[in-house]
Amino acid sequence: MFKDETAPLNKYFALPKVDLHRHLEGSLRLATMLDIARQHGVTVPVSVLNLSGLVQVQDQDPMTFSNFLEKFKTLRLFYKSPDVIDRVTREAVEDAARDNCRYLELRFTPVALSRAEGFPLHDVMDWVITSAQAAAKKHKIKVGLIASVNRHESPELAEQVAWLAAEHITDGLTGLDLAGNEAEFKSEPFQGIFRESKQAGLHVTIHAGEWGPAENVRDAIENLGAERIGHGVRVLEDDSVTALAKERETVFEVCVTSNYQSGVVKSLPEHPLSRMFEKGLKATVNTDDPSVSRITLSHEYQHVVEDLHVPMDRLKNSVIVAAQAAFLPDVEKEKLVASLKKELKV
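Residues numbered from 1 in each chain as written. Predicted model: local features only at pLDDT ≥ 70, side-chain atom pairs only at ≥ 80, totals over all residues. Heavy atoms only, no water.

## Remarks on the overall build of the chain
Per the secondary structure count, the chain includes 17 helices and eight strands. Taken over C-alpha atoms, the radius of gyration comes to 19 Å for the chain, in line with the 20 Å a tight globule of 346 residues would show. Projecting the C-alpha coordinates of the chain onto the three principal axes gives extents of approximately 50 × 50 × 40 Å. A burial count over the chain gives 58% of its 346 residues as buried. A sequence separation of at least 24 residues applies to 75% of the contacts in the chain between residues at least 6 apart. (Helix = DSSP H or I, 4+ residues; strand = E, 2+ residues; numbered from the N terminus. Rg over C-alpha atoms; globule rule 2.2 N^0.38 Å. Buried < 20%, exposed > 50% of the residue type's maximum accessible area, 1.4 Å probe, protein only. Contact = heavy atoms within 4.5 Å.)

## What to know about the pairing of strand S4 (residues 173–179)
Among the seven residues in S4, seven count as buried, and that is most of the element. Looking at chain direction, strand S3 (residues 142–150) and S4 are connected through six bridges and run parallel. Bridged to leucine 145 within S4 is leucine 173. Regarding topology, helix H8 (residues 155–167) serves as the crossover connection from S3 to the parallel S4, and that connection is right-handed. Taken together, the four bridges between S4 and strand S5 (residues 203–208) define a ladder with parallel strand orientation. Its bridge partner being in S5, leucine 178 is matched across the sheet by isoleucine 206. (Pairing = 2+ DSSP bridges. Right-handed = clockwise from strand over helix to strand, strands pointing away.)

## A short note on the environment of serine 148
When you line up the elements, serine 148 lands in strand S3. Each C-alpha atom of the pair serine 148 and glycine 180 lies 9.4 Å from the other, and the pair is 32 residues apart in sequence. When near neighbours in sequence (up to four residues on either side) are disregarded, serine 148 contacts Phe108, Thr109, Pro110, Asp177 and Ala179. In this structure the side chain of serine 148 is engaged in a polar contact, spanning 2.7 Å, whose partner is the side chain of aspartate 177. (Polar contact = N/O pair within 3.5 Å; in protein donor to acceptor, adjacent residues only side chain to side chain.)

## Points about the sheet that holds strand S6 (residues 228–231)
Here we have eight strands laid out as an open sheet, ordered S1-S2-S3-S4-S5-S6-S7-S8, and parallel in their pairing. If you trace the sheet from one side to the other, it starts and ends with strand S1 (17–23) and strand S8 (282–285), each paired once. Ignoring strand direction, the axes of neighbouring strands in this sheet form an average angle of 25°. Taken strand by strand, helix H15 (residues 297–306) contacts S1, strand S2 (101–108) and S8, and its axis lies near 110° from that of S1. Across the sheet, helix H16 (residues 312–324) touches S1 and S8, and the angle it forms with S8 is around 100°. (Axes fitted to C-alpha atoms, helices over the stretch in contact; angles between N-to-C directions.)

Written as structure tokens, this is what we have:
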């Protein structure tokens, strides 16, 4: 499945990129995990190969939701200190910059990062913000942050995260995300929180239409105020929801390899991204969890063109669509869009 030939990847690496959907918790380098394990006594295999099997999807793995989620059980063991959170944040930004990303929105789950050692939520958010800002400056990449909350956890926790996020809007934490198991947990307990967050100035993106039906995309747009949808690939199962998303100009943060590895689609060529474009939906290409999936955004662009047969011009246009959907102040967004249009010659 994964292409190792360097030459064909070069033309995708050369493209300036925008990643709107990348989870910090799915971006840890293997070498960093081994360092943390040694320093903090985390019980994991001491070889890169064996650790990889625990935290990264392998070609021989079953491509299922349960296997994909299993990787995060081990990943959650590593958030042992402020220095660890600082390091993994800086490295996630550096890895995006190395892949020629010009704008990255990095989402993180404060509750997950705080839980390993009982850190206060506000401290965790401060650490991620400070580290992301420093790395962005060092590596000359623009970075926005999104705080993520999970459907299976309490609305009270989500409310704490939302209000802390709102306090940090001027620090580049500009969005709130609802993630987690949409198949078994409804959005109703969170609707008021997201409406209030939007009124406070936070942008809203919602994981929907990945493991739940198209109706969850409608719910995200109408009841949670979603400007963007994480994944959303099942939107095409209902023409009325597709029409609603098109009318509202909702932007979809599509993650092709992740959708295959987690069993949402049976194979890469069957992925609905091409049909989303054909239906006039605003779809973008993103990584989701690059370390878990063993990919870069360059790999994703390659899959989209070579496995999904999306024309290069359409891929380039999706980069512009992603920049236009960035959770940035208008002036900064206009500069980013103009710069990308010039470089992509579109």
